[in-house]
Amino acid sequence: MPFAQSNTAIRQDHVFDADPPAREFAFSDADFSMLSQFAYDSAGISLASSKRNLVYGRLSRRLRALGIGSFAEYRSRLTTDRSEVQRFINAISTNLTKFFREAHHFQHLEQAIIRPLSALPKNASSKLRIWSAGCSTGEEPYSAAAILCRHIPDAARRDMRILATDIDTEVLAAAARGEYPAASVNDVPPGFRSMFEAPPDRSSAEKVQVADGLRDLIRFRRLNLIEDWPFRGLFDVIFCRNVMIYFDAPTKARLLERFAERIKPGGWLYIGHSESLTRQHPLLELEGKTIYRRRG
Ligand SMILES: C[S@@+](CC[C@H](N)C(=O)[O-])C[C@H]1O[C@@H](n2cnc3c(N)ncnc32)[C@H](O)[C@@H]1O
């Protein structure tokens, strides 16, 4: 129908010609370009121009909190105020997560790693090191800890630990508190739900608190993945899921190189569902959906 088609075209033209929505703060190309370069340099986070509105929205809150009237002023603040750099990173990082997200990794962890360890005699060497790299608010490491605790209740005494790191200090503080909305437990398989309890003071029926047994297994630390890593040991398992999607190809490739060096021969790397390795790494063999094993 030619008439209907031209009508649609007119409406679309209007959409494209429309002025951008009125903004509280002016936000120029130079503002976006400097701030996205700053995100890349400080956190490896690559912000395409499609993220412009998102950046504006997240950083406008910082301008309001600081009582600053323009992005130009905010940019200059970033170059002089170290604490604002951390708040900037907290504001631009995306922290979406949930308990037992991408459940096949947790099934693999249970079947291939933790069950065999639980079958070892108590006096056998059973050291285990798991790293949740980019742990956000902690649901990922607590999910791993729940499996560990269920099969090996004395895991902490048997030298089994989880290191959970993130660049964002706010999510780390939330992770260390271990307090979550009660509804988030719906993501936890029924067999593990008893490890998430109402807070001891019963302050809120809307919240649950992770059991102390889980917290004892985890160390939460701030770590920027693109900077030096202040540890020397090797890991049996590294989770780095839904983090590398924010990095560009060279940053991803460097990070994979470093992960491969940090995994014990025979150890495992789990990555996010949309992050399959574009270039095969000589030390990492694909063993299942987004599950890689370090060659011996
Ligand atoms: C979407 S969350 C993923 C959480 C969890 N791994 C999962 O899959 O559910 C991504 C996390 O990566 C963190 N992150 C981004 N850049 C980082 C960097 N350079 N170093 C460390 N963590 C980073 C963010 O702060 C955020 O908490």
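Along every chain, residues carry numbers that run from 1 in the direction the sequence is written. The predicted nature of this model means local features are confined to residues of pLDDT at least 70 and side-chain atom pairs, given and counted, to a pLDDT of 80 or more, with totals for whole chains, interfaces and linings taken over all residues. Only hydrogens and water are set aside when side-chain values are computed; all heavy atoms of the structure are taken into account.

1. Comments concerning the nonpolar core
Then comes step 1: Buried residues of nine kinds, namely Ala, Val, Leu, Ile, Met, Phe, Trp, Tyr and Cys, make up a nonpolar core once their side-chain atoms join them within 4.5 Å. Here the term buried applies to any residue with accessible area under 20% of the maximum for its type, exposed to any over 50%, and partly exposed to those in between, with areas from a 1.4 Å probe on protein chains only. By size, the foremost hydrophobic cluster in this structure holds 46 residues, and its most contacted members are Leu59, Phe88, Trp131, Leu225, Phe259 and Leu269.
Then comes step 2: Mapped onto this core, the elements with two or more residues apiece are α2 (29–43), α3 (52–66), α4 (71–80), α5 (82–92), β1 (128–133), β7 (235–240), α10 (249–262) and β8 (263–271).
Then comes step 3: Beyond its immediate stretch of four places on either side in the chain, Phe88 contacts Leu35, Phe38, Ala39, Ser42, Leu59, Tyr74 and Leu78.
Then comes step 4: Judged by nonpolar contacts, the second largest core, of 41 residues, contains Ala145, Ala146, Val185 and Tyr270. Secondary structure elements follow DSSP: runs of H or I of four or more residues count as helices, runs of E of two or more count as strands, with numbering from the N terminus. We call two residues contacting when some pair of their heavy atoms lies within 4.5 Å.

2. Comments concerning the pattern of salt bridges
If the charged atoms of two oppositely charged side chains come close together, the side chains can form a pair.
Then comes step 1: Between Lys or Arg on one side and Asp or Glu on the other, a salt bridge is scored when a side-chain nitrogen of the former is within 4 Å of a carboxyl oxygen of the latter. The full count for this structure, using the stated rule, is 14 salt bridges.
Then comes step 2: Between Lys207 and Glu179 there is a salt bridge, and its shortest N-O distance comes to 3.9 Å. Highlighted residues: Lys207 in strand β5 (residues 207–210) and Glu179 in strand β3 (residues 179–181), separated in sequence by 28 residues.
Then comes step 3: Since its relative accessible area comes to 34%, Lys207 is described here as partly exposed.
Then comes step 4: Since its relative accessible area comes to 32%, Glu179 is described here as partly exposed.
Then comes step 5: As a salt-bridge pair, Glu285 and Arg295 come within 3.5 Å of each other at their nearest N and O atoms. In this pair, Glu285 sits in strand β9 (residues 284–288) while Arg295 sits in the segment after β10 (291–294), placing the two residues 10 residues apart along the sequence.
Then comes step 6: Using a relative accessible area of 33% as the deciding quantity, one classes Arg295 as partly exposed.
Then comes step 7: Within this structure, Arg62, Glu84 and Arg87 form a network of salt bridges that share partners.

3. Comments concerning the sheet that holds β10
Then comes step 1: If you trace the seven strands from one edge of the open sheet to the other, you get β6-β2-β1-β7-β8-β10-β9, paired in mixed fashion. Unpaired on one side and paired on the other, β6 (218–222) and β9 mark the two borders of the sheet. This sheet shows a mean twist of 20° between the axes of neighbouring strands, independent of strand direction.
Then comes step 2: As a rule, the C-alpha atoms of each element are fitted with a line to give its axis, helices using only the stretch in contact, and angles between N-to-C directions run from 0 to 180 degrees. Its contacts with the sheet put helix α8 (residues 169–177) on β2 (160–166) and β6, and the angle it makes with β6 is roughly 165°. Any two strands with at least two DSSP-identified bridges between them are counted as paired.

4. Describing the domain arrangement of the chain
Then comes step 1: Annotation of the chain at the domain level lists domain 1 (2–92) and domain 2 (103–294).
Then comes step 2: Each partner contributes residues to the interface: domain 1 has 10 residues there, and domain 2 has 11 residues.
Then comes step 3: Buried surface at the junction of domain 1 and domain 2, both sides included, amounts to about 860 Å², of which 46% is carbon and sulfur.
Then comes step 4: The three residues of domain 1 that bury the most area against domain 2 are Tyr40, Gln86 and Asn90, which together make up 45% of that side's buried surface.
Then comes step 5: Our enumeration of links across domain 1 and domain 2 arrives at zero salt bridges.
Then comes step 6: Whenever two N or O atoms come within 3.5 Å, that pair is a polar contact, provided that in protein one can donate a hydrogen and the other can accept it, and provided that, for residues adjacent in sequence, both atoms are side-chain atoms. Our count for the contact surface shared by domain 1 and domain 2 stands at six residue pairs in polar contact (both at pLDDT 80 or more).
Then comes step 7: Sorting the residues of the side of domain 1 that touches domain 2 by element identifies α2 and α5 as the ones contributing at least two each.
Then comes step 8: The leading source of residues in the side of domain 1 that touches domain 2 is α2, at four residues.
Then comes step 9: Classes in brief: Ala, Val, Leu, Ile, Met, Phe, Trp, Tyr, Cys and Pro nonpolar; Asp, Glu, Lys and Arg charged; the others, Gly included, polar. For the side of domain 1 that touches domain 2, the per-class residue count stands at four nonpolar, five polar and one charged. Domain borders in the structure are assigned automatically or taken from a domain database. Buried area: the sum, over both parts, of the accessible surface (1.4 Å probe) that disappears when the two are put together.

5. A word on the sheet that holds β5
Across a sheet, paired strands are connected by hydrogen bonds in the backbone, their directions being either parallel or antiparallel.
Then comes step 1: On the basis of which strands lie adjacent, the open sheet formed by three strands has the order β3-β5-β4 and antiparallel pairing. Whereas interior strands pair on both sides, the edge strands pair on one side only; in this sheet they are β3 and β4 (196–197).
Then comes step 2: One ladder, built from three bridges, connects β3 with β5; its direction is antiparallel. Counterpart to Glu179 in the pairing with β5 is Gln209.

6. Brief notes about the pairing of β2
Then comes step 1: Most of β2 sits inside the fold, with six of its seven residues counted as buried.
Then comes step 2: Direction of pairing for β1 relative to β2: parallel, over a ladder of six bridges. Bridging from a neighbouring strand, Ser132 pairs with Ala164 of β2.
Then comes step 3: With its strands directed away from the observer, a crossover is right-handed exactly when the path from the first strand over the helix to the second travels clockwise. Chirality of the crossover, the property in question, places the unit of β1, helix α7 (residues 139–151) and β2 among those that are right-handed.
Then comes step 4: Relative to β6, β2 runs parallel, the two sharing five bridges. Within β6, the position partnered with Ala164 by the bridge is Phe220.

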